[in-house]
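# Analysis of the macromolecular model
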Amino acid sequence: MIETKRLKIYPASKEAMEKFISLQTEDFLKTAYQEMMDGALQNPDQWNWYAIWMIELKNGTHIGECCFKGLAPNGVAEIGYGISEEYQGRGYATEAVDAVVAWALQQFGVNCVEAETDVDNLASLRVLEKSGFLYTGTNGAEGPRYIRNR
């Protein structure tokens, strides 16, 4: 578990992910979260690199999630994140991304963390900027790619 001033962030267990996925009402989210759980189950020795990481306030209120999309052989970890709408605009995403990326960069074999975001998602672009990510000059499937090196 990672703790910050206001948050608790941790990779969910198999049971917690199953319950979380069952509660999803949007098919694209259910599919994405199921892919994360499948990756975690197929790579149990790399659970943290595939699991859904739960973001909670210190009082236990669930406010969002983040995840890695595995750890590539070249040491690149890609992160994704989201904060529930009612908790946006309070700095929680930046606080969570900072903490999880700092954790990732301390892990053996990790050279950098990358992220993609839609060019119109100004809030996410700002989170990446505040968290020390730099634009790579390339685009991925979800938009411009950003990187934070070790």
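Presented here is an overview of the structure given in this document.

How each quantity is defined
- Residues numbered from 1 in each chain as written.
- Predicted model: local features only at pLDDT ≥ 70, side-chain atom pairs only at ≥ 80, totals over all residues.
- Heavy atoms only, no water.
- Helix = DSSP H or I, 4+ residues; strand = E, 2+ residues; numbered from the N terminus.
- Buried < 20%, exposed > 50% of the residue type's maximum accessible area, 1.4 Å probe, protein only.
- Arc of directions from axis to C-beta.
- Contact = heavy atoms within 4.5 Å.
- Core = buried A, V, L, I, M, F, W, Y, C linked by side-chain atoms within 4.5 Å.
- Pairing = 2+ DSSP bridges.
- Axes fitted to C-alpha atoms, helices over the stretch in contact; angles between N-to-C directions.
- Polar contact = N/O pair within 3.5 Å; in protein donor to acceptor, adjacent residues only side chain to side chain.
- Right-handed = clockwise from strand over helix to strand, strands pointing away.

Let us look at the environment of K19. Mapping K19 onto the fold places it in helix α1 (residues 14-22). By relative accessible area, K19 is classed as exposed at 59%. K19 sits 26 residues away from D45 along the chain, and the two C-alpha atoms are 22 Å apart.

Now for helix α4 (residues 122-130). For α4, the set of buried residues is S124, L125, V127 and L128. The buried residues of α4 occupy an angular sector of 155 degrees when the element is viewed end-on, so they sit on one face. Every exposed residue of α4 that faces more than 90 degrees away from the buried side is listed here: L122, A123 and E129. Packing partners of the buried residues in α4 comprise β5 (76-83), α3 (92-105), β6 (112-116) and β8 (143-149).

Here we take up the nonpolar core. One finds I9, F68 and F133 to be the most contacted residues of the largest nonpolar core, which totals 46 residues. Here the element with the most residues in this core is α3; it accounts for ten residues. Not counting residues up to four positions away in its chain, the partners in contact with I9 are M1, I2, T4, W53, M54, I55, C66, A96, A99 and V100.

Once that is clear, we can look at the sheet that holds strand β2 (residues 7-11). With mixed pairing, the eight strands of this open sheet are ordered in space as β1-β2-β3-β4-β5-β6-β8-β7. Sheet topology places β1 (2-3) and β7 (134-140) at the edges, where each strand pairs with a single neighbour. Where strand β4 (residues 62-71) lies against β5, six bridges are found, and the strand directions are antiparallel. Each residue of the ladder has a partner; that of C67, found in β5, is G80. Against the sheet, α1 engages β3 (52-57) and β4, with an angle of about 80 degrees to β3.

Let's shift gears to the side chain of E56. Tracing the sequence through the fold places E56 in strand β3. Given a relative accessible area of 11%, E56 falls into the buried group. Here the side chain of E56 touches Y10 through a polar contact of 2.5 Å, side chain to side chain. Beyond its immediate stretch of four places on either side in the chain, E56 contacts R6, L7, K8, Y10, T61, H62 and I63.

This paragraph deals with the pairing of β6. Burial analysis of β6 places five of its five residues in the buried class, which makes it a mostly covered element. Side chains C112, E114 and E116 of β6 all project onto a buried face; the interleaved residues V113 and A115 project onto the opposite face, where all are buried too. With three bridges joining them, β5 and β6 adopt parallel strand pairing. Bridge pairing in β6 places A77 opposite V113. For the segment spanning β5, α3 and β6, crossover handedness is right-handed. The pairing of β6 with β8 spans five bridges and is antiparallel.

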